[in-house]
Amino acid sequence: MQPFAAAARRPVAGALEAMMSELRGKFSPRQGHTKGRTPLTSKRGPKNYYKGKGANSTGRITSKGVFITQPYKLYEFVAPDLSDCELKPYVSHKTPKLEKSVVEEAA
């Protein structure tokens, strides 16, 4: 619809509607509820909305507000002893890529 097409039928309302569509202000149709347009973050939610970053819980908060760590929720990383290993952690970019046939022969 053209901005000034409604002005012929209702002069005041049409003029206001045309001005509102051009301006970005308090009554602009672009402002307001943005559900579905952008991802919901803690900045866009209500005042008490806490989204977090997806980390796992490692304990609980008591009724007095003290955080208690629960050992069964902690991660335990087990690594083998690599003190006598001849391999190095760095792999050069010049290393030739292995083909599937080479890997199958080695196995």
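Note that this is a predicted model, so its numbers are computed, not measured.

1. Here we look at the environment of R60
Along the chain, R60 turns up in strand β1 (residues 59-61). As a C-alpha pair, R60 and Q70 span ten residues in sequence and 7.5 Å in three-dimensional space. Not counting residues up to four positions away in its chain, the partners in contact with R60 are V66, F67, I68 and Q70.

2. Section: the confidence of the model for the protein chain
For the protein chain, per-residue confidence averages 76 on the pLDDT scale, and 64% of positions sit at 70 or higher. The element-level mean pLDDT for the protein chain is lowest in helix α2 (residues 100-106), coming to 59, with strand β2 (residues 67-69) highest at 96.

3. Brief notes about the side chain of Q70
Take Q70: it is sitting in the loop between β2 and α2. Residues contacting Q70, with those up to four places away along its chain left out, are T58, G59 and R60.

Cut-offs applied
- Residues numbered from 1 in each chain as written.
- Predicted model: local features only at pLDDT ≥ 70, side-chain atom pairs only at ≥ 80, totals over all residues.
- Heavy atoms only, no water.
- Helix = DSSP H or I, 4+ residues; strand = E, 2+ residues; numbered from the N terminus.
- Contact = heavy atoms within 4.5 Å.
- pLDDT = per-residue confidence, 0-100.

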